[in-house]
Amino acid sequence: MRAARKELDLTTDQTTMIGDTMETDILGGVQLGFHTVLVLSGGTKEADLERSAYRPDMVVDSLANLVEVLEENDW
């Protein structure tokens, strides 16, 4: 993740990790200080968030509505 951010010449604050698994995608993004978006179309379900010690910045049902949600939240 860090190598991809550097390759794109982005700062940490300019980087968003979008993924469907809390234990890999979201945790990695949180640890690196990236913005994080959990997509519920994969392995993690909304009920799983209650048991997690960390949280994504945003949760969306699918990638299909990601742009709409980002615009609503002024991202």
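Calculation notes
Residues numbered from 1 in each chain as written. Predicted model: local features only at pLDDT ≥ 70, side-chain atom pairs only at ≥ 80, totals over all residues. Heavy atoms only, no water. Pairing = 2+ DSSP bridges. Helix = DSSP H or I, 4+ residues; strand = E, 2+ residues; numbered from the N terminus. Axes fitted to C-alpha atoms, helices over the stretch in contact; angles between N-to-C directions. Buried < 20%, exposed > 50% of the residue type's maximum accessible area, 1.4 Å probe, protein only. Contact = heavy atoms within 4.5 Å. Salt bridge = Lys/Arg side-chain N within 4 Å of Asp/Glu carboxyl O.

Undergrad: Tell me about the sheet that holds strand 3 (residues 58–60), residues and numbers included.
TA: With parallel pairing, three strands are arranged side by side in an open sheet as 1-2-3. The open sheet has two edge strands, strand 1 (16–19) and strand 3, and neither has a second partner. The average angle at which neighbouring strand axes cross in this sheet is 20°, direction not considered. Summarising the sheet, strand 1 and strand 2 (residues 35–39) pair through four bridges and their orientation is parallel. By the bridge assignment for strand 2, Met17 is matched with Thr36.

Undergrad: How would you sum up unusual backbone geometry? Please name residues and give values.
TA: A positive phi angle, close to 60°, is found at Asp9, a residue other than glycine. Looking at the secondary structure, you find Asp9 in the loop between helix 1 (2–7) and strand 1. In this structure Asp9 comes out as exposed when scored by relative accessible area, which is 67%.

Undergrad: Go over helix 2 (residues 22–32) with me, naming the residues and quoting the values.
TA: Inspection of helix 2 places Met22, Asp25, Ile26, Gly28 and Gly29 among the buried residues, and these make up the whole buried set. In this structure, the buried side of helix 2 is in contact with strand 1 and strand 2. Gly33 lies just past helix 2 and shows a positive phi near 85°.

Undergrad: Which residues make up the environment of Leu40, and what values do they have?
TA: Take Leu40: it is sitting in the loop between strand 2 and strand 3. Take Leu40: its relative accessible area is 13%, and that puts it in the buried class. Taking the C-alpha atoms as reference points, Leu40 and Asp9, 31 residues apart in sequence, are found 29 Å from one another. If we ignore the near neighbours within four places in the chain, the residues touching Leu40 are Lys45, Glu46, Val59, Val60 and Asp61.

Undergrad: Explain the pattern of salt bridges to me, and be specific about the residues and the numbers.
TA: Counting across every chain of the model gives one salt bridge. The partner of Asp48 in a salt bridge is Arg51, with the nearest N and O atoms 2.4 Å apart. Arg51 sits in the exposed class, given a relative accessible area of 65%.

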